[in-house]
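Overview (structure and organization)
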Amino acid sequence: MNKSKCKCKLLVRILLQCITDNPKSITLSLPSTCLVFHGLFTHVHSLQETSEEKLWAREIVSQQLRSDRNLQVFHHLKNDFGKLNMSYTFLAGYPKTTLKYLTVGLSSVKRKNGFYLLDTLQSIFSQSSEEELQDMVVVVLLADFDMTWNQQVLSSISERFSSPILKGQLLVIHLPQEYYPPLEGLKRNFNDAPDRVTFRSKQNVDYAFLLSFSANLSQYYLMLEDDVLCSRNFLTTIRMFIQSRGGSAWVTLEFSKLGYIGKLYHSSDLPRLASFLLLFYQEMPCDWLLGYFTKLLAQNMPIHFKPSLFQHVGLYSSFRGTYNHLKDEDFEANPLNVADNPPADVVTDIIPFKEYTPEQAYSSRTTFFWGKSPLAGSHFTVIFHTPAIVTRISVQTGLQDRKDILTSAEVEVGRSPVHTERGPTCSQYAKLGPLVDGQFDRKDIEGDAAVSCLRILVTKSQEQWVIIRSVNVWTKEEK
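Residues numbered from 1 in each chain as written. Predicted model: local features only at pLDDT ≥ 70, side-chain atom pairs only at ≥ 80, totals over all residues. Heavy atoms only, no water.

1. Notes on the packing of aromatic side chains
Under the counting rule described, the total for this entry stands at 23 aromatic pairs. Consider the rings of F369 and F380, whose centres lie 5.5 Å apart with planes at 55°: the pair is tilted. Of the two residues, F369 sits in strand β12 (residues 369-371) while F380 sits in strand β13 (residues 379-397), which places them eleven residues apart along the sequence. Both residues of the pair, F369 and F380, count as buried. One aromatic cluster is present, built from ring pairs that chain together F353, Y356, F368, W370 and W465. Positioned above the aromatic ring of F145 is the side chain of K202, whose terminal nitrogen or guanidinium carbon lies 4.8 Å from the ring centre. The ring centre of W474 lies 4.0 Å from the NZ or CZ of R392, which sits over that ring. (Phe/Tyr/Trp six-rings, centres within 6.5 Å; stacked < 30°, edge-to-face > 60°. Helix = DSSP H or I, 4+ residues; strand = E, 2+ residues; numbered from the N terminus. Buried < 20%, exposed > 50% of the residue type's maximum accessible area, 1.4 Å probe, protein only. Lys NZ or Arg CZ within 6 Å of the ring centre and 35° of its normal.)

Spelled out as structure tokens, the structure:
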């Protein structure tokens, strides 16, 4: 290594040590400190780089971002970060006034080869149940400056996904080029080519704008790319994983190990994350910045859910259209075998207690039905909107301490739906078996005949109240 390089490395180490040991003696602000470092990068990377030097350069940025002084600046600023003052153009759909559980955010630009956005949207909607879609909103930022391309894509989205748009489940937005910071003539950190610097810098800004827009739409935010395949019932799996962590703190949960795919954030963190991406938009790729953001908020280790819920399927990169074969080997299309629970009406003649209504036992949410002392002949019936071929049924009643279980009942499936004075039901029922200790789980239901009803019929009265925690149904398509 030549003397010039050695001097640069020595100077950087001295400055890093000063910041680490004596943060109060350094009066540089966070942006100006970065200018010092990137002035050094410009000098170092005017020389020919090796892979070792690239790793060294990345470590410099890592140490600089994690220094005590910058942590102080970051935490001082974090409460001042507000939603960016931008005028977004709504190309399709409008946000609902009610807060959702999850926002799924995607940014899309024109590629030289391949187009995957429509297939990605199809995967999101087709792999989600109706109930999950009620808790979700998908936001697509068409971030290309070519308005002709944006209009063509918008036309395709509107034609193919008119129902989600009308239901407020899909929003398509755009931001004019005038809101973007300079994207040309930027610093060539890590010796990246100028077009690569422009591409990744604009990508950082795209994501910042998308995050800022999404900040008040839901409780959580999921970052995806526009060329992915989703696992079945991914929202329910995410919800279960969050609940399994109890009250433990986290900044980022990762549901894929590739790039920006499947990163989950609290929506309350989105304004500061958007500001963070804008502050360092020209410094490094977005996935690096996301990692540093997580560490700055004191999550030092990644929290990765396995199996992965999202798979990269694009064959060509959005940068230069080069071939991209990245795959996540941990991906599973149906990781937890989540129940299908097709759309249905749920009725019972067991008197419910307060707000613990019967449909809550059929929900993917952590709710349940709580009813007063059931009598012999009482029923809890699920009437499918469309007849379904059922392969498995699971019923769970009572609490873990065996309180409020349903002691005597039969599980039945019915055909020929009818309306009676007692409400909707089926005219013909066939028994599948009794509850045992308040539970029922039959996985070998055979036959290709569709059924219209699932009924839990009480066979013996009980004084104890009953909790039906869950009624889950798995189905298959007709041949």
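2. Let's talk about the packing of helix α11 (residues 270-279) against helix α12 (residues 286-296)
Where α11 contacts α12, the two axes come as close as 10 Å, and the packing angle between them is 130°. As judged from the angle between their axes, α11 and α12 are oblique. Crossing angle aside, the handedness with which α11 passes α12 is right-handed. When α11 is examined against α12, the residues R272, L273, F276 and L277 are found in contact with a partner set consisting of C286, L289, L290, Y292, F293 and L296. Of the residues belonging to the contact of α11 with α12, the class tally is nine nonpolar, no polar and one charged. (Axes fitted to C-alpha atoms, helices over the stretch in contact; angles between N-to-C directions. Parallel < 35°, antiparallel > 145°, perpendicular 65-115°, else oblique. Left-handed = near helix turned anticlockwise from the far one by under 90°. Contact = heavy atoms within 4.5 Å. Nonpolar A, V, L, I, M, F, W, Y, C, P; charged D, E, K, R; others polar.)

3. Comments concerning the nonpolar core
The nonpolar side chains of a soluble globular protein tend to be buried, and buried together. Among the nonpolar cores identified, the biggest contains 44 residues, and L211, L277 and L290 are the most heavily contacted of them. Secondary-structure elements contributing two or more residues to this core are β3 (136-142), β4 (170-174), α9 (194-214), β5 (218-223), α11 and α12. A per-element tally of this core places α9 first, with eight residues. Apart from residues lying up to four places away in sequence, L211 is in contact with Y221, M223, L270, L273, A274 and L277. (Core = buried A, V, L, I, M, F, W, Y, C linked by side-chain atoms within 4.5 Å.)

4. Quick look at helix α5 (residues 117-126)
Owing to its 3.6 residues per turn, the α-helix brings residues three or four apart onto one side. Burial within α5 is extensive, with seven of its ten residues counted as buried. What α5 keeps buried is the set L117, L118, T120, L121, S123, I124 and F125.

5. Regarding the side chain of T381
Position of T381 relative to the elements: it lies in strand β13. Setting aside residues no more than four positions away along its own chain, T381 makes contact with D345, V346, V347, Y429, C453, L454 and R455.

6. Concerning the pattern of salt bridges
Oppositely charged side chains are able to pair whenever their charged atoms sit close together. All chains considered together, the criterion is met by twelve salt bridges. Of the charged contacts in the structure, one is a salt bridge between D269 and R272, with a shortest N-O distance of 3.6 Å. Summarising the burial analysis for this pair, D269 and R272 share the class buried. (Salt bridge = Lys/Arg side-chain N within 4 Å of Asp/Glu carboxyl O.)

7. Digging into the sheet that holds β3
Pairing in this open sheet of eight strands is mixed, and the strands run β1-β4-β3-β2-β5-β8-β7-β9 from one edge to the other. The outermost strands of the open sheet, each flanked by one partner alone, are β1 (89-92) and β9 (303-304). In this sheet, β5 lies alongside strand β2 (residues 100-108) in parallel orientation, the contact comprising five bridges. Considered in β5, the bridge of G105 is made with M223. Along the sheet, α5 makes contact with β2, β3 and β4, crossing β3 at roughly 175°. (Pairing = 2+ DSSP bridges.)

8. Details of the pairing of β4
Within β4, five of the five residues are buried, leaving the element largely enclosed by the surrounding structure. In this sheet, β4 lies alongside β1 in antiparallel orientation, the contact comprising three bridges. Within the sheet, the bridge partner assigned to F90 lies in β4 and is I173. Bridge analysis of β3 against β4 gives four bridges, and the strand direction is parallel. Within β4, the residue paired with V140 across the bridge is V172.

9. Thoughts on the confidence of the model for the protein chain
For the protein chain, the mean per-residue pLDDT works out to 81, and 79% of the residues sit at or above 70. Here residues 1-50 is modelled with pLDDT under 50, and outside its nearest four sequence neighbours on either side it reaches 66 contacts, counting other chains as well. Segment residues 69-81: pLDDT under 50, and 23 contacts once partners within four positions in sequence are set aside and those in other chains are kept. (pLDDT = per-residue confidence, 0-100.)

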